Amino acid sequence: MTFRASGLLDKISSELVLIIEMKKRLTIILLAVATLLPAMGQEVEVTSQRRLLDGVEGPCFFPVLNEAGDRLLFSTQNGALKLYDLTDNVTTLVASDYVAGHDACWGGDGMVYYITQRVGEDHLVYRTGHRYDVMTATSAVILEPQHGAMRAVPASRGGALKAPGRDYTSSGDIGSATWTEGAHVHVTVAGEERVFAPVDSWAGYLWASLSPDGKRVAFYAAGKGIVIIDLRGQMLAMLGNYEMPCWYNNDYLVAQNAKDDGHQFIASQIVLLKADGTWQAELTQPASMAMHPTCGGGRIVYTTIDGLLYEMTININD
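For clarity, every value in this text was computed on a predicted model and none was experimentally measured.

**Student:** Please provide a residue-by-residue account of the packing of aromatic side chains, values included.
**Tutor:** For any pair of aromatic rings, the description consists of the separation of the ring centres together with the inter-plane angle of the planes. As enumerated under the stated definition, the model contains 4 aromatic pairs in all. Measuring from centroid to centroid gives 5.9 Å for Y252 and W279, while their planes differ by 85 degrees, and the two rings are edge-to-face. In this pair, Y252 sits in strand 21 (residues 252-260) while W279 sits in the loop between strand 22 (265-274) and strand 23 (280-282), placing the two residues 27 residues apart along the sequence. Its relative accessible area of 3% is what places Y252 among the buried residues. Where Y302 meets Y310, the ring centres are 5.7 Å apart and the plane angle is 20 degrees; that geometry is what we call stacked. The class for Y310 is partly exposed, based on a relative accessible area of 23%.

Okay, here's the thing in structure tokens:
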């Protein structure tokens, strides 16, 4: 009798364990489905795509749209800086001197802040800060030549230049701004500068930018990918190992997904990323060799590895 009762208890115990395990698995499945449902309902449609400055300009690189999306900065093959008015279809030379990569930005005051560089007689590189007034089509030197790194920083009410020797700000209150130095991201809010290092990165941070509402910062951490933080440095999301993030709106970013073989690029495409890290979509194919995306006014502009400039519009169905 005792043997039978013991066997029955063992059987009941085994069945209970099985039921508990099944419930655990069901819970995990339901949680996974709940997580996927919002993403499954999302779609993005490329509504238009066209080549810019076809037959007008040679190779164009490092495009930068203003907030309204009606004016575009870009670098020529020899490093000159030009401005393209998408409304009037007119291109203007901003600087014939060499402007490296992303050494140009739009300030919140509508001015262009940019940095030229030259090699001195001592064989050192000297950088000079400039401000370009779009209305008068004139440039002025705002930071004298100096040796060392210099970066152009857009701000909500103007612009700034950051350099080891001396900084420049367009006014006493330039509003909100963000930039990177080494493995630190700097954020200025209401005149207060805050410095954060939310993730470890062996080669530092790049490409910091504020969301349109000024409440979050996106930047790239080498080896980690795109990171989203709030204005107190708290990490909100990690979006994957993509580069050159640009806010499309408060909920989405556009970025570059490039692959290389250690010597050269073998693929590069433009991707759309949700700012909370839950969803992503391809906007171009890897073979398109598309890179350096910029956003403004609902437009996305990017270039290709051989300098072909494209404009794209999209529709996101949440």
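**Student:** Break down the sheet that holds strand 3 (residues 71-76) for me, citing the residues and quoting the values.
**Tutor:** Ordered in space as 2-3-4-5, the 4 strands form an open sheet in which the pairing is antiparallel. Every interior strand has two partners, whereas the edge strands, strand 2 (60-65) and strand 5 (90-95), have only one. When strand polarity is set aside, the average angle formed by the axes of neighbouring strands in this sheet is 25 degrees. With 4 bridges connecting them, strand 2 and strand 3 associate as antiparallel partners. The residue of strand 3 that forms the bridge with L65 is L72.

**Student:** Which residues make up the side chain of K162, and what are the values?
**Tutor:** Positionally, K162 belongs in strand 11 (residues 159-162). Assessed through its relative accessible area of 12%, K162 is described here as buried. Setting aside its immediate chain neighbours within four residues, K162 contacts A149, M150, R151, V153, D167 and W179.

**Student:** Any details on unusual backbone geometry? Residues and values, ideally.
**Tutor:** Residues apart from glycine generally show negative phi values, whereas peptide bonds are mostly found in trans. One non-glycine residue, M244, lies in the positive phi region at around 50 degrees. Inspection of the secondary structure puts M244 in strand 20 (residues 243-247). A residue is classified by how much of its surface remains accessible, and M244, at 11% relative accessible area, is buried. Positive phi is not limited to glycine here, since H292 has a value of about 55 degrees. Here H292 lies in strand 24 (residues 290-296).

About the thresholds
Residues numbered from 1 in each chain as written. Predicted model: local features only at pLDDT ≥ 70, side-chain atom pairs only at ≥ 80, totals over all residues. Heavy atoms only, no water. Phe/Tyr/Trp six-rings, centres within 6.5 Å; stacked < 30°, edge-to-face > 60°. Helix = DSSP H or I, 4+ residues; strand = E, 2+ residues; numbered from the N terminus. Buried < 20%, exposed > 50% of the residue type's maximum accessible area, 1.4 Å probe, protein only. Pairing = 2+ DSSP bridges. Axes fitted to C-alpha atoms, helices over the stretch in contact; angles between N-to-C directions. Contact = heavy atoms within 4.5 Å.

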